[in-house]
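One letter stands for each residue in the lines below.
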Amino acid sequence: MKFEDLLRETGGFGRFQILILVILCLPRINLPMHFLLHNFIAATPSHHCAIPHQEAFVNLTMEEVLLISIPRESDGTFSSCEMFSQPQFHLLLNSSLQSENKSIIQRCQHGWVYDHSQLTSTISTQWDLVCEHRGLNQATATFFFIGVTMGAVVFGYLSDRFGRKTMLLLSLVCSVVFGMLSAASVSYSMLAVTRTLTGVALSGVSLIVLPLAMEWVDIEHRTFTGILSSIFWSVGNMLLAMVAYLVREWHWLLVAVTGPCLLSIVCLWWVPESARWLIAKGKMKQAHRHLLRCARMNRRKDFAVSPEALTRMVTDKKPGGSYFYISLFRTPVLRKISLCSGVVWFGVSFSYYGMSLNLTGFGLNIYLSQFVFGVIEIPAKMIMYVLVNRVGRRQSQAWTLILTGLCIGANVVIPKPFTSLRSVVAIMGKGFSEAAFTTVYLYTSELYPTILRQNGMGYTSFVARLGGALAPLVFLLDQVWRSLPEVTYCSVAVCSGAVAFLLPETLNVCLPEGIEDVE
């Protein structure tokens, strides 16, 4: 007897499964509010060098003070990082006469003045992470994703060893602790450390929520569960835009997005441990208790499977044995799956965060851009609900990634003045990118056997977070060539999409329980 047969006897997809999905949607909504928080806490408003002795220019307007103190860029805007060593009063007579003498231009000597009309306070304005310190600003996102990368390794192994629910509770508690410490940061170093630790903790939430839900639903509703869980991510995207719009001070914004973790901790009381995992570990009595509860909630009073009968469901020869990440590469088919899925996850995450963390070039203000990016994800996921069941997981995964790359590449060649066309292509690319992310979560959870599923998700999440950690740093390549970041994102997305064709199809296939099911 397979576990899917047991689920049918307990009611298949009923009130029990709906309760689990509703509760697990809470941490799922909260995840993007942290993962994309960099867009707001590290946003850099327009700025220019602070002008010394500005009170001496009482007879001049602010525009005239800037004219004699700050050189202009080639596009006519005032420089953000340079100033004149002495006031250039002759520019008041003819502002078009920009001096050719570079010796009178110097870096900012007295700090910066920021435009606070949209953002009251960010880490950029608090610690002057601009100009030559711009890399430190981008690095805050990288530190967070490095934490997520480390957490993927830790929680992937621990949740297979000690259970999904236990590790989910631990990761939520740690998320609250480190999230609040981040909000209380008094220095850049403290923020970097606490955001890294927050990333470690939230990695457990990201890693466990979907597999825990998937392991309680039948084959017919696996796609629905994966898509629904992904839609909650998009809801979190939109909520982040609204919360950030209302809370413009970065310390309190961190508090606002961390607080909901407390509600998730309370609600987790009603979520059972995965019966699949309990059976795979030989804990038949606990699995039987949860299955009875499932049958009662689904109004299936005829459920009469004994704990002894569950013993026959352990398909691996070593029930309750310990597995580590090396097990993903010991057998030929599993090795191929692991290598290819790692490449796909890297490409999905790298291109997704490359687009999601670049709101300023979208032509709208950052709040509206964030909201629009969240909205466009929902129809993309609705379409994927149909596609993954019609054309299969493999084709859907490959083509969404390839089309993401082509949209990013298209914006490299479309001239800058065509802002409307560039915006449409960017929105399409964001939709394809989210469709790829939606598919990869569902697809990967179906590729690995139960005894190694969390190890597999941990490994792929580790690789994905490497992509997420590198994505914000790639923006700095625009100093080499303005289009180099987009070309990089495009190339990686297209290549990883091609690799997806090498993975096996999992449409309408039972979830594998043991390694021999995969082989």
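Source: prediction; values computed, not measured.

Rules used throughout
Residues numbered from 1 in each chain as written. Predicted model: local features only at pLDDT ≥ 70, side-chain atom pairs only at ≥ 80, totals over all residues. Heavy atoms only, no water. Buried < 20%, exposed > 50% of the residue type's maximum accessible area, 1.4 Å probe, protein only. Helix = DSSP H or I, 4+ residues; strand = E, 2+ residues; numbered from the N terminus. Arc of directions from axis to C-beta. Disulfide = S-S within 2.5 Å. Expected span 1.5 Å × (residues − 1). Bend = angle between axes of the 7 residues up to and from the residue. Contact = heavy atoms within 4.5 Å. Axes fitted to C-alpha atoms, helices over the stretch in contact; angles between N-to-C directions. Parallel < 35°, antiparallel > 145°, perpendicular 65-115°, else oblique. Left-handed = near helix turned anticlockwise from the far one by under 90°. UniProt positions renumbered as here; feature names shortened; annotations may be inferred. Core = buried A, V, L, I, M, F, W, Y, C linked by side-chain atoms within 4.5 Å. Patch = residues over 30% accessible without salt bridge, like charges linked within 9 Å, V, L, I, M, F, W, Y side chains within 5 Å. Areas by Shrake-Rupley, 256 points an atom, 1.4 Å probe, with all protein chains shown as cover. Salt bridge = Lys/Arg side-chain N within 4 Å of Asp/Glu carboxyl O. Nonpolar A, V, L, I, M, F, W, Y, C, P; charged D, E, K, R; others polar. pLDDT = per-residue confidence, 0-100.

A. Geometry of helix H10 (residues 250-258). Buried residues of H10: Trp250, His251, Leu253, Leu254, Val257 and Thr258, and no others. Angular distribution of buried residues about the axis of H10 spans 165°; they occupy a single face of the element.

B. Highlighting the state of the cysteines. Under the criterion given, the structure shown has 2 disulfides. Linked covalently through their sulfurs, Cys81 and Cys131 form a disulfide whose S-S length is 2.0 Å. Where Cys81 bonds to Cys131 through sulfur, the torsion about that S-S bond is close to -95°, and the disulfide is left-handed. With Cys81 in the loop between helix H4 (62-69) and strand S2 (82-84) and Cys131 in the loop between helix H5 (123-127) and helix H6 (134-162), this pair connects stretches of sequence that are 50 residues apart. One exposure class covers both Cys81 and Cys131, and it is buried. Each bonded cysteine in the protein gets a number by its place in the sequence, and the pairs come out as 1-3, 2-4. Summary of cysteine pairing: Cys174 is not part of a disulfide, and the nearest cysteine sulfur, belonging to Cys261, is at 11 Å.

C. Helix H8 (residues 188-214), seen in detail. Taking 1.5 Å per residue, 27 residues should reach 39 Å; H8 reaches 39 Å between its end C-alpha atoms and fits that length. At Ile208, H8 is bent by approximately 25°, the largest bend along its length, and proline Pro211 sits one to four residues beyond. Summarising burial for H8: 23 of the 27 residues are buried, a large majority.

D. Region of interest: the side chain of Ser175. Among the secondary structure elements, Ser175 is positioned in helix H7 (residues 164-183). Overall, the relative accessible area of 1% leaves Ser175 in the buried class. The residues contacting Ser175, other than those within four sequence positions of it, are Ala201, Leu202, Val205, Thr258 and Cys261.

E. Main features of the packing of H8 against helix H19 (residues 453-474). Interaxial distance between H8 and H19 falls to 10 Å at its minimum, and their mutual angle equals 135°. The angle between the axes of H8 and H19 places the two elements in the oblique class. Here H8 runs over H19; the crossing is right-handed. Contacts between H8 and H19 involve Ser203, Ser206, Leu207, Ile208 and Pro211 from the former and Gln454, Met457, Gly458, Ser461 and Arg465 from the latter.

F. Quick look at the UniProt feature "transmembrane region" (unreviewed entry) in the protein. UniProt annotation of "transmembrane region" (unreviewed entry) refers to residues 12-29, 139-158, 170-191, 197-217, 224-246, 252-271, 337-355 and 367-387 when read in the numbering used here. Along residues 170-191 the backbone is 82% helical and 0% strand, and the end-to-end C-alpha distance reaches 22 Å.

G. Layout of the side chain of Glu377. Position of Glu377 among the secondary structure elements: in helix H16 (residues 366-390). Setting aside residues no more than four positions away along its own chain, Glu377 makes contact with Trp233, Ser234, Asn237, Tyr352, Lys430 and Glu434.

H. Structural view of the nonpolar core. By size, the foremost hydrophobic cluster in this structure holds 117 residues, and its most contacted members are Leu24, Phe35, Leu168 and Tyr353. No other element matches the 12 residues that H8 contributes to this core. Those residues in contact with Leu24 that sit more than four places away from it in its chain are Leu168, Val209, Leu212, Ala213, Leu268 and Val271. Counting residues in each nonpolar core, the second largest holds 15 residues, with Phe78, Cys81, Cys108 and Val130 among its members.

I. Expanded view of a nonpolar patch on the surface. Side chains of Leu239, Met242, Leu368, Phe371 and Val375 sit close together on the surface and give an oily, nonpolar patch of about 370 Å² of accessible area. Listing elements by their share of the nonpolar patch, those giving two or more residues are helix H9 (222-246) and H16. Top element by residues in the nonpolar patch is H16. It accounts for 3 residues. Along the polypeptide, Val375 turns up in helix H16.

J. Broad picture of the packing of helix H2 (residues 15-35) against H9. Here H2 crosses H9 at 45°, and the two axes come no closer than 7 Å. Compared by their axis directions, H2 and H9 come out oblique. When you trace H2 past H9, the crossing you get is right-handed. Counted by class, the contact of H2 with H9 contains 15 nonpolar, 5 polar and 1 charged residues.

K. Highlighting the confidence of the model for the protein. The predicted model of the protein has a mean per-residue pLDDT of 85, with 94% of residues at 70 or higher. When mean pLDDT is taken per element in the protein, H10 scores highest with 96 and helix H14 (residues 307-310) scores lowest with 69. Under a pLDDT of 50 for its full length, residues 315-320 has, in the predicted model, 15 contacts with residues more than four places off or in other chains.

L. Summary view of the environment of Ser117. As for its placement among the helices and strands, Ser117 is situated in the loop between strand S4 (112-114) and H5. As for Ser117 and Ser46, which are separated by 71 residues in sequence, their C-alpha atoms are 9.8 Å apart.

M. Main features of the pattern of salt bridges. Enumeration over the complete set of coordinates arrives at 7 salt bridges. Of the charged contacts in the structure, one is a salt bridge between Glu377 and Lys430, with a shortest N-O distance of 2.4 Å. Here Lys430 lies in helix H18 (residues 419-447) and Glu377 lies in helix H16, a separation of 53 residues in the sequence. You'll find Glu377 and Lys430 in the same group, each marked buried. Through salt bridges that share partners, Glu377, Lys381, Lys430 and Glu434 make up one connected network.

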